[in-house]
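So you can see what is in the structure, the chains are spelled out below.
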Amino acid sequence: MATVHKSIWTLKRFGRFLPGTKEDGGNPWKMFEPSESAGELMLTIVESGHMLVSQGHDLLDGFSLLDAPSYLKVQQKSDTLLFRLTVKGESRLIRMQFSGSRAEALEECSSAVLRLKEYLPVTTQRGPPPPPLSCPPTPNQPPTKTTAQNQQAGAGEAMATEPEVVQGSLSIKRLTQHFLGEHGLSLPLVYRHSSLSRGELEPFVRLCLLDPSFPALVEEVEGELRRVLQD
């Protein structure tokens, strides 16, 4: 019987590197931590080959692991994973630390590495554990409230083009509004990577159009998306 690897993990912290922040005297990592109001931090690798990092109902990050060796490098150090993505000449870093006691966190991290290795190599860095990810003190609202602020943004507001916002999280509701054409968004880079090349996409679309049940499927998907907006 084939081994079925775990696909969902609880995270202690999740960080997104912000280029240029360190030069300005700030913390170069924008941090997210679980809280009662924001919800748990979860890492999920779905059967379709997509990796998602979510908090409550908000999607903090996500990308396809198909063809991952061409644009993604992953390194494990103790109970922490560091991801470097390079797409169209642009690079970004994300970092995640697994929850639990030291032994539990190491076990969870190793479990995630096993799953990731189904798609790409994962290197292991030896030596002392990395410094703990921590949320920088700030007089403003903590990072975990950023997603709530996004949800409260005006209905006609489009995503800004500043690098920090472009790399920011998008709630499922805002993604649904974008797919339904209700609001225009400049999607972050991670949403622009397709697992299909141009040469593979055209015959796939033609095949779908030749299927008599395809129009009904499109209508059902649109109906489900509208139900998501009502939740």
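Look a little higher up for the structure.
Per chain, residue numbering runs from 1 following the sequence as it is written. pLDDT decides what is reported in this predicted model: residues at 70 or higher carry local features, side-chain atom pairs at 80 or more are listed and counted, and totals for whole chains, interfaces and linings draw on all residues regardless. Remark: hydrogens and water are excluded; side-chain values derive from all non-hydrogen atoms of the structure.

*Asks:* How would you explain the overall build of the protein if you had to name every residue and give the values?
*Replies:* Secondary structure summary: the protein contains 6 helices and 10 strands in total. A buried classification covers 39% of the 231 residues belonging to the protein. Here, two residues are considered to be in contact whenever any of their heavy atoms come within 4.5 Å of each other. In the protein, of all internal contacts separated by at least 6 residues, the share reaching a separation of at least 24 is 57%. The helix and strand labels rest on DSSP assignments: H or I over at least four residues marks a helix, E over at least two residues marks a strand, and numbering proceeds from the N terminus. The rule is simple: take the accessible area with a 1.4 Å probe, protein chains only, and divide by the maximum for that residue type; under 20% is buried, over 50% is exposed, in between is partly exposed.

*Asks:* Break down the nonpolar core for me, citing the residues and quoting the values.
*Replies:* Judged by nonpolar contacts, the single largest core of 31 residues is most densely connected at Met51, Leu72, Leu81, Phe83, Met96, Phe98 and Leu116. The set of elements that each furnish at least two residues to this core consists of β1 (8-17), β3 (41-45), β4 (50-55), β5 (58-64), β6 (72-77), β7 (80-87), β8 (90-98) and α1 (102-116). Considering every element that reaches this core, the biggest residue donor is α1, with 5 residues. Put simply, a nonpolar core is a bunch of buried Ala, Val, Leu, Ile, Met, Phe, Trp, Tyr and Cys residues held in one set by side-chain atoms that sit within 4.5 Å of each other.

*Asks:* A description of the pattern of salt bridges should follow, citing residues and the corresponding values.
*Replies:* For this analysis, a salt bridge means a side-chain nitrogen from Lys or Arg found within 4 Å of a carboxyl oxygen belonging to Asp or Glu. This structure, assessed with the given rule, holds 6 salt bridges. Measuring nitrogen to oxygen at the nearest pair gives 2.7 Å for the salt bridge that ties Asp61 to Arg92. Of this pair, Asp61 sits in strand β5 while Arg92 sits in strand β8, and the two are 31 residues apart along the sequence. By relative accessible area, which is 3% here, Asp61 ends up buried. Through salt bridges with shared partners, a single network forms among Glu47, Arg115 and Glu118.

*Asks:* Can you break down the packing of aromatic side chains residue by residue, with the values?
*Replies:* When the centres of two rings from Phe, Tyr and Trp lie within 6.5 Å, Trp using its six-membered ring, the rings pair. Their planes under 30 degrees apart give stacked, over 60 give edge-to-face, and anything left gives tilted. Enumeration according to the criterion identifies 3 aromatic pairs in this entry. Summarising the aromatic geometry, the rings of Phe14 and Phe32 are spaced 6.0 Å apart at their centres and angled 40 degrees between planes, so their arrangement reads as tilted. On the criterion of sequence distance, the pair formed by Phe14 in strand β1 and Phe32 in strand β2 (residues 29-32) is long-range, its members being 18 residues apart. With a relative accessible area of 0%, Phe14 lands in the buried category.

*Asks:* Please provide a residue-by-residue account of the environment of Pro28, values included.
*Replies:* Relative to the helices and strands, Pro28 is located in the loop between β1 and β2. Relative accessible area serves as the criterion here: at 17%, Pro28 is assigned to the buried category. When the C-alpha positions of Pro28 and Arg16 are compared, they lie 8.3 Å apart, and in sequence the two are 12 residues distant.

*Asks:* Provide a residue-level description of α1, including the pertinent values.
*Replies:* Each residue after the first adds 1.5 Å to the expected span of a helix. The end-to-end C-alpha distance of α1, which contains 15 residues, comes to 21 Å, matching closely the 21 Å that a straight helix rising 1.5 Å per residue would cover. Every buried residue belonging to α1 is among Ala105, Glu108, Cys109, Ser111, Ala112, Val113, Arg115 and Leu116, and all of these are buried.

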